[in-house]
Amino acid sequence: MDDNEQDSSAEELLKQVFAYSHQKQHRKATEILERVLEIQTKELGEYDPVIAETLQDFGWVLADEGNFNEALDKLNRALAIRLEKLGIHRDTAQTYKNIGSVFQEQDNDEKAEEMYRKALDIKLEVLPETHIEL
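Residues numbered from 1 in each chain as written. Predicted model: local features only at pLDDT ≥ 70, side-chain atom pairs only at ≥ 80, totals over all residues. Heavy atoms only, no water.

K.L.:
Help me understand helix α2 (residues 10–22) in this model?
P.N.:
For an α-helix, 3.6 residues make a turn, and residues three or four places apart therefore share a direction. Relative to the 18 Å expected for 13 residues at 1.5 Å per residue, α2 spans 18 Å between its end C-alpha atoms, a close match to the ideal helical length. The complete set of buried residues in α2 reads Ala 10, Leu 13, Leu 14, Val 17, Tyr 20 and Ser 21. Along the long axis of α2, the arc covered by the buried residues comes to 120 degrees, so they all point the same way. Exposed positions of α2 whose direction lies more than 90 degrees from the buried face are Glu 11, Lys 15 and His 22. (Helix = DSSP H or I, 4+ residues; strand = E, 2+ residues; numbered from the N terminus. Expected span 1.5 Å × (residues − 1). Buried < 20%, exposed > 50% of the residue type's maximum accessible area, 1.4 Å probe, protein only. Arc of directions from axis to C-beta.)

As structure tokens, this is what we get:
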């Protein structure tokens, strides 16, 4: 990572992650995500919902490159933070859904369905009946 990337804020670095990820440059994206997590953890502590969002992004980059076990590790860390800090919340449901997607990519339909059901249960509880996600 060059000096300009190191001096950038976490938000600016995340923009780079999305660009690298879109270009399938996963190594660069993961290097930057590590730096973002380092910056955010220093500023916010380990159990902040912002950290959970970054971990979720990290999980998607890892899953996109086929690194499903590491993706699940990041997503499960994001889930733990969201459960602790947000509880029954739309973002928590999204993390369950994302975990389900990784299990589905691994052809683990039983675990995928379990995660999708948890996501749906939360959405049914917190979203209005007419919401587009239902």
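K.L.:
How should I be thinking about a negative patch on the surface in this particular structure?
P.N.:
A surface patch of like charges, here negative, comprises Glu 34, Glu 65, Glu 70 and Asp 73. For Asp 73, the location among the structural elements is in helix α5 (residues 68–85). Judged by its relative accessible area of 41%, Asp 73 is partly exposed. (Patch = residues over 30% accessible without salt bridge, like charges linked within 9 Å, V, L, I, M, F, W, Y side chains within 5 Å. Areas by Shrake-Rupley, 256 points an atom, 1.4 Å probe, with all protein chains shown as cover. Salt bridge = Lys/Arg side-chain N within 4 Å of Asp/Glu carboxyl O. Lys, Arg positive; Asp, Glu negative; His and termini not counted. Charge placed at Lys NZ, Arg CZ, Asp CG, Glu CD.)

K.L.:
Hey, could you run me through the pattern of salt bridges in this one?
P.N.:
If charged atoms from side chains of opposite charge come close, those side chains can pair. Taken as a whole, this structure holds 9 salt bridges when the rule is applied. The salt bridge partner of Lys 42 is Glu 38, with a shortest N-O separation of 3.8 Å. Here Glu 38 and Lys 42 lie together in helix α3 (residues 26–44), a separation of 4 residues that amounts to about one turn. For Lys 42, a relative accessible area of 68% translates into the label exposed. Across the pair Glu 113 and Arg 117 runs a salt bridge, and its minimum N-O distance is 2.6 Å. Taken together, the residues span about one helical turn, with Glu 113 and Arg 117 both in helix α7 (residues 109–126) at a distance of 4 residues. Among the charged side chains, a salt-bridge network with shared partners connects Arg 35, Glu 38 and Lys 42.

K.L.:
I would appreciate a short explanation of α3 in the present structure.
P.N.:
With 19 residues, α3 extends 26 Å between its outermost C-alpha atoms, agreeing within 8% with the 27 Å of an ideal straight helix rising 1.5 Å per residue. For α3, every residue scored as buried is listed here: His 26, Ala 29, Thr 30, Ile 32, Leu 33, Val 36, Leu 37, Ile 39 and Gln 40. Just beyond α3, the residue with positive phi is Gly 45, at close to 90 degrees.

K.L.:
Explanation requested: unusual backbone geometry in the structure shown.
P.N.:
For residues besides glycine, phi is generally negative; the peptide bonds are generally trans as well. Of note in the backbone geometry, Lys 24 takes a positive phi value of approximately 60 degrees without being a glycine. With respect to the element layout, Lys 24 can be found in the loop between α2 and α3. Accessibility expressed as a relative area gives 53% for Lys 24, which makes it exposed. At Asp 107, a residue that is not glycine, the phi angle is positive and equals roughly 60 degrees. Relative to the assigned elements, Asp 107 resides in the loop between α6 (90–105) and α7. The class for Asp 107 is exposed, based on a relative accessible area of 65%.

Shape is all these values report; function is a separate question.
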